[in-house]
Amino acid sequence: MSRVPRRRAQIALALLLAGVLAACTRSTSSTPPSASPSRSGDVSVPPASTASPAPEPGIEVLEHLIFIVQENRSFDHYFGTFPGVDGLPMKNGESTACVPDPVLGGCARSYHDDTLWDEGGPHGSPASEADINGGKMNGFIQAIVDGVFVSPDACALHRAEPSCAAHLGPRRQPDVMGWHDAREIPNYWAYAERFVLQDRMFAPTDAWSLPSHLFLVSGWSAKCEDPSDPMSCVNDDRITGFYVKQRYHPTTPAFAWTDITYLLSEAGVSWAWYVGDDTCLKAECTYAESVQGTPVIWNVLPSFTTVHEASKLGRIQRRSDFLRAARDGKLPAVSWVLPDRRESEHPGSSNSVADGQAHVTKVINAAMRGPDWDSTAIFLTWDDWGGFYDHVEPPTVDRNGYGLRVPALVISPWVRPGSIDHQTLSFDAYLKLIEDRFLGGQRLDPKTDGRPDPRPTVREEIDILGDLTTLFDFTQDPLPPLILPLRPEPGSPSL
């Protein structure tokens, strides 16, 4: 008997025993609990039991949380035409959102992008401000023209060039205005149809990949004068490339403030951080080596001081290690899975959407085929918006964000199938779930976590932040695995 059926049987047995226990606590006496005991001779008859029924199973059913993080896509870019979401404003199958085009004049509208390679746009803090444009959400092309954060994309400026045809829409729009559906990303749409799609997941900060990954594991982004002193860290949601090149290497302590693995390690909770198989994990990685495989700007956890102090660098592993652990039923309680550059979906001529989807599908298939599926929840998201159009203005929660919307899905046998989650979320909700499930609600709070740092906000406690535990129903029949091909045929048009 495989472990998957056995685990299902164990869960079913727990539910049955809970019901039996509840039934056994009910009294067969007709005497109300509040009445005085009756007497028959000298024998006292006790009042009926007032014991409460056993509670229904809850979040403790989830023994394994897996966070898969891809690169640089907005929600509207991947799911803006998915039924039932707060998606692209449309009329008669065409976008009604007008984005001024300073090159061609007039309005540029969203269009179906049938290519698998996108160029995207600038996606640092200045570009975020330009794209949002005071809430108008119409600066996406202007940001490219201005060359905010990165040099201007040549095809966005010189659209008559024949070589640019593959990167432009039918009306010569830059591909930041393009959207995909099941024709290009059929597996992602299949997961959305079967499990949970979230249409208000905002990047944790209005910046680029490095700060977003720092927020992913710590709820903050900063620079630290002294890597051994958390109080030397200063809020910084931009962290320039110069700083990265000079100070930040994957095996050198650089980030002194407290991250979630510190709390997990202190509590004896297992975790692992999985990167691409060709990522440099040597004791001394040069900067040139560190950008191979999973680049250093995504591979942040090895540079947290806490990981070094706790001697946990061995928890930094490779994707092949994840696949083996999933197969053997040895997944840690908390896993993060990062892609290598080719499979990241990061915009660029060498990074295909299909390659990224194949990587994600391989990871999810491994978790679904393994014996831990019935105690697992998988959270799939993208680290920032990549310059792609999105029509929803992000809320401001503190000096760091939120950033623009990104796609997000929750995949588990215990989610309500085929549902759309409209809660306001960011990566802080992932930290909150880890803390609620494995740490008794302990937060990354410098006042209580035993390792003070000067972070401006305890992100998990922000009032508008949703609660991921509400997405699960542990009394339902568990959903079966959805094993998908790595290279699927195109799906059906959404419009």
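Q: I keep staring at unusual backbone geometry and nothing clicks. Help me out?
A: Leave glycine aside and you will find that most residues have negative phi; peptide bonds, for their part, are mostly trans. The omega torsion of the bond from Gly401 to Tyr402 falls at 20°, within 30 degrees of zero and hence cis. Residue placement: Tyr402 occurs in the loop between strand 16 (376-382) and strand 17 (408-411). Positive phi is not limited to glycine here, since Asn92 has a value of about 55°. The class of Asn92 is exposed, set by a relative accessible area of 79%.

Q: What's the story with the confidence of the model for the protein chain in this structure? I'm lost.
A: When pLDDT is low, close inspection of the predicted coordinates is not appropriate. The predicted model of the protein chain has a mean per-residue pLDDT of 88, with 86% of residues at 70 or higher. In this model, residues 1-6 is a region of pLDDT below 50 whose contacts with residues beyond four sequence positions or in other chains number eight contacts. When the criterion is pLDDT under 50, residues 13-49 qualifies, and its contacts beyond four places in sequence or with other chains add up to 19 contacts.

Q: Whenever I open this one, the state of the cysteines confuses me. Can you help?
A: By definition, a disulfide links two cysteine residues through a covalent bond between their sulfur atoms. One pass over the structure, following the stated rule, counts three disulfides. The disulfide partner of Cys98 is Cys107, and the S-S distance across this bridge is 1.8 Å. With the S-S bond torsion at -70°, the cross-link from Cys98 to Cys107 turns out left-handed. A relative accessible area of 42% means that Cys107 is categorised as partly exposed. Each sulfur in the disulfide pair Cys280 and Cys285 lies 2.1 Å from the other. When the S-S torsion is -95°, as for the bridge of Cys280 with Cys285, the disulfide is left-handed. Overall, Cys280 belongs to the buried group, its relative accessible area being 11%.

Q: Quick question: what am I supposed to make of helix 12 (residues 319-328) here?
A: Within helix 12, burial applies to Arg319, Phe322, Ala325 and Ala326. Seen from one end, helix 12 has its buried residues packed into an arc of 120°, which puts them on one side. In the core, the buried residues of helix 12 are packed alongside strand 3 (64-70), strand 13 (271-275), strand 14 (316-318), strand 15 (334-337) and helix 13 (353-369). With its phi angle positive at about 70°, Gly329 sits one or two positions after the end of helix 12.

About the cut-offs
- Residues numbered from 1 in each chain as written.
- Predicted model: local features only at pLDDT ≥ 70, side-chain atom pairs only at ≥ 80, totals over all residues.
- Heavy atoms only, no water.
- Helix = DSSP H or I, 4+ residues; strand = E, 2+ residues; numbered from the N terminus.
- Buried < 20%, exposed > 50% of the residue type's maximum accessible area, 1.4 Å probe, protein only.
- pLDDT = per-residue confidence, 0-100.
- Contact = heavy atoms within 4.5 Å.
- Disulfide = S-S within 2.5 Å.
- Arc of directions from axis to C-beta.

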